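One letter stands for each residue in the lines below.
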Amino acid sequence: MKILVTGGAGFIGSNFIKYVLREYQDIEIKNLDLLTYAGNLKNLIEIQNDPRYEFVKGDINNFDLVDSSLKECQSIINFAAESHVDRSIENPNIFITTNVLGTQTLLNCAMKNSIERYIQISTDEVYGSIEGKGLFTESTILSPSSPYSASKAAADLLTLSYHKTFNLPAIVTRCSNNYGPNQFPEKLMPLMILNIIKDKKIPIYGDGLHVRDWIHVEDHCSAIMNILLKGRVGNVYNIGANNEFKNLELAKLILKIMNKSENLIDFVPDRPGHDRRYAIDSSKIKNELKWKPKIPFIEGLNQTIKWYQNNQDWINEIISGEYKEYYERRYKTKI
Ligand SMILES: NC(=O)c1ccc[n+]([C@@H]2O[C@H](COP(=O)([O-])OP(=O)(O)OC[C@H]3O[C@@H](n4cnc5c(N)ncnc54)[C@H](O)[C@@H]3O)[C@@H](O)[C@H]2O)c1
């Protein structure tokens with residue numbers, strides 16, 4: 001089988017490509033990525049010469065390029081997205097262009113090429129915030145709070161409509177917060193680890209009591225492969241690992257592991273529309289596809305911290321140019 005992976009130079013896509021080439025000898029991958037600020041071919045250095053791997057630079061909005069890239073592919077897995085909530089608050093437009101219109105272009109190309117499986121990688125953020133002890137199930141009403149999550153929800157609905165209306169064999173996955181190697185440092189976990197390495201303050205939004213549900217990126221990747229191979233078309237599958245932490249709790253845990261003082265915690269004004277709690281019920285994928293996450297949170301967290309400590313070159317290259325400007329604008333302090 002040959003898969004067209006879109007957005008494979010980003011955090012989850014690159015981990016997915018490395019995971020699949022390692023675990024499945026009979027799968028080939030074509031990676032179509034625009035290499036925006038979040039895309040980095042260094043994430044794929046380990047497999048760049050693998051004969052089963054091919055890279056194409058380009059935009060998922062480019063119909064002709066996607067169409068020609070699909071020749072010989074039986075499946076599409078769409079990771080390509082603008083993915084940072086804070087940037088969607090600064091400028092929502094590109095989120096609609098990439099996440100909604102880009103998805104539509106992929107769906108149209110999938111139809112034209114009679115693709116056997118189209119997997120739309122989505123997020124638990126489409127459900128909005130859940131209070132108390134409740135969990136998001138696949139039938140929870142969508143109630144996105146940010147332009148990012150609204151654009152993802154629109155893409156989910158578009159994907160499911162192509163299944164209902166045109167019989168496209170499509171599936172939507174909704175995963176909780178991922179962590180692991182190669183995550184762009186604007187996201188919470190690498191931002192905290194990298195600032196702690198440098199003894200810099202770690203910004204925590206509001207009162208720090210927002211709850212996120214964490215999963216190691218490799219567990220997300222194994223879930224996607226299960227869904228690709230065994231999932232039912234027209235369905236949504238939630239993916240999570242039941243690791244809920246308040247942001248403040250997580251910051252204290254990382255500080256403890258890294259042996260640094262809690263004085264580094266810096267409360268900053270809250271993000272507008274900030275969801276209070278995400279929590280995923282993944283019993284559907286567990287019961288139906290017999291998938292379960294394998295990486296215990298503390299083990300994955302320790303391994304992730306070590307990865308950032310040991311990959312200073314990767315980090316230094318990113319912490320320059322556009323990201324430096326973004327960080328200084330966002331947090332009003334030098335990086
Ligand atoms: N990071 C998480 O915790 C998380 C959780 C659940 C779901 N998701 C979803 O998973 C997907 C991947 O997330 P990520 O964290 O790896 O994102 P990321 O920002 O690290 O990577 C996105 C990739 O998409 C590429 N891209 C952007 N616009 C493109 C375009 N127009 N054409 C082609 N490529 C383009 C970028 O160059 C980059 O390589 C996203 O769809 C996101 O919504 C992420």
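Rules of the game
Residues numbered from 1 in each chain as written. Predicted model: local features only at pLDDT ≥ 70, side-chain atom pairs only at ≥ 80, totals over all residues. Near = placed C-beta within 6 Å. Helix = DSSP H or I, 4+ residues; strand = E, 2+ residues; numbered from the N terminus. Nonpolar A, V, L, I, M, F, W, Y, C, P; charged D, E, K, R; others polar. Buried ≥ 20, exposed ≤ 12 C-beta atoms within 10 Å, placed from the backbone. Pairing = 2+ DSSP bridges. Right-handed = clockwise from strand over helix to strand, strands pointing away. Axes fitted to C-alpha atoms, helices over the stretch in contact; angles between N-to-C directions. Parallel < 35°, antiparallel > 145°, perpendicular 65-115°, else oblique. Left-handed = near helix turned anticlockwise from the far one by under 90°. Contact = placed C-beta atoms within 7 Å. Core = buried A, V, L, I, M, F, W, Y, C linked by C-beta atoms within 7 Å. Arc of directions from axis to C-beta. pLDDT = per-residue confidence, 0-100.

1. Focus: the site of the ligand
And step 1. Near the ligand lie 29 residues; those nearest to it are Gly7, Gly10, Ala38, Gly39 and Ala81.
And step 2. Of all the secondary structure elements, the ones that give two or more residues to the shell around the ligand are helix 1 (11–23), helix 4 (93–112), strand 5 (117–123) and strand 7 (177–179).
And step 3. Of the residues forming the shell around the ligand, the biggest block, three residues, is contributed by helix 1.
And step 4. Here the residues of the shell around the ligand sort into 13 nonpolar, 13 polar and three charged.

2. Observations concerning the pairing of strand 6 (residues 170–175)
And step 1. For strand 6, a buried count of six out of six residues is recorded, marking the element as mostly surrounded by other parts of the structure.
And step 2. Burial along strand 6 is two-sided: the residues Ala170, Val172 and Arg174 and Ile171, Thr173 and Cys175 are all buried.
And step 3. By the bridge criterion, six bridges tie strand 5 to strand 6 in an arrangement that is parallel. Within strand 6, the position partnered with Ile121 by the bridge is Thr173.
And step 4. Note that the unit made of strand 5, helix 5 (residues 147–166) and strand 6 has a crossover that is right-handed.

3. Let's talk about the packing of helix 4 against helix 5
Each packed pair of helices is defined by two parameters, the angle between the axes and the distance between the axes.
And step 1. Remark: helix 4 packs on helix 5, axes separated minimally by 8 Å, with the N-to-C direction vectors making an angle of 15 degrees. Judged by the inter-axis angle, helix 4 sits roughly parallel to helix 5. As helix 4 packs across helix 5, the resulting crossing turns out to be right-handed. Taken together, the residues of helix 5 that come into contact with helix 4 (itself represented by Phe95, Ile96, Asn99, Val100, Thr103, Gln104, Leu107 and Met111) are Pro147, Tyr148, Ser151, Lys152, Ala154, Ala155, Leu158, Thr159, Tyr162 and Phe166.

4. Some points on the nonpolar core
And step 1. Membership of the largest hydrophobic core comes to 62 residues, with the highest contact counts inside it found for Ile77 and Ile224.
And step 2. For this core, the element with the highest residue contribution is helix 7 (residues 217–230), accounting for seven residues.
And step 3. When residues no more than four places from it in sequence are discounted, the contact partners of Ile77 are Ile3, Val5, Ile119, Ile121, Ile224 and Leu228.
And step 4. In this structure, Val126, Tyr127, Ala279 and Ile280 belong to the second largest nonpolar core, which totals 11 residues.

5. Points about helix 8 (residues 247–257)
And step 1. Every buried residue of helix 8 is listed here: Leu250, Ala251 and Ile254. Summarising the axial view, the buried residues of helix 8 lie within an arc of 100 degrees, below the 170-degree limit, and thus occupy one face.

6. Here's the deal with the environment of Ile254
And step 1. With respect to the helices and strands, the residue Ile254 is situated in helix 8.
And step 2. What makes Ile254 buried here is the crowd of 20 C-beta atoms within 10 Å.
And step 3. Sequence separation between Ile254 and Met189 is 65 residues, and the spatial gap between their C-alpha atoms is 8.9 Å.
And step 4. Not counting residues within four places of it along the chain, the set of residues in contact with Ile254 comprises Met192, Ile193, Ile196 and Ile305.

7. Section: the sheet that holds strand 7
And step 1. Pairing within the open sheet is mixed, and its three strands lie in the order 7-9-11. The open sheet has two free edges, formed respectively by strand 7 and strand 11 (244–246), since each of these has just one partner strand. With strand direction ignored, the average angle separating the axes of adjacent strands in the sheet is 45 degrees.
And step 2. Note that strand 9 (residues 211–216) and strand 11 share three bridges and pair antiparallel. Note on strand 11: the bridge partner recorded for Asp213 is Glu244.
And step 3. Helix 7 contacts strand 7 and strand 9 of the sheet and is inclined by roughly 70 degrees relative to strand 9.

8. So, unusual backbone geometry
Comment: phi is negative for the bulk of residues other than glycine, and the bulk of peptide bonds are trans.
And step 1. Notably, Asn167 is not glycine yet its phi reads approximately 65 degrees, a positive angle.
And step 2. Not every positive phi belongs to a glycine, and Asn182 is a case in point at roughly 70 degrees.
And step 3. With respect to the helices, strands and loops of the structure, Asn182 is situated in the loop between strand 7 and helix 6 (188–197).
And step 4. Judged by C-beta crowding, with 22 C-beta atoms within 10 Å, Asn182 ranks as buried.

9. A few points about the confidence of the model for the protein
And step 1. In this model, the protein carries a mean pLDDT of 96, and residues with pLDDT of at least 70 account for 100%.
And step 2. Within the protein, helix 12 (residues 321–331) has the poorest average pLDDT of any element, 80, and strand 5 the best, 99.

10. With respect to the sheet that holds strand 1 (residues 2–6)
Sheets are built from strands paired through backbone hydrogen bonds, the pairs being either parallel or antiparallel.
And step 1. Ordered in space as 3-2-1-4-5-6-10, the seven strands form an open sheet in which the pairing is parallel. Each having just a single partner strand, strand 3 (53–57) and strand 10 (236–239) make up the two edges of the open sheet. Across the sheet, the mean angle separating the axes of adjacent strands is 20 degrees when strand polarity is ignored.
And step 2. As paired strands, strand 1 and strand 4 (residues 75–78) are joined by four bridges and run parallel to one another. Bridge assignment links Val5 to a residue of strand 4, and that residue is Ile77.
And step 3. Across the sheet, helix 1 is in contact with strand 1, strand 2 (28–33) and strand 3; its angle to strand 2 comes to roughly 170 degrees.
And step 4. Relative to strand 5, helix 5 is tilted by about 155 degrees, and along the sheet it contacts strand 5 and strand 6.

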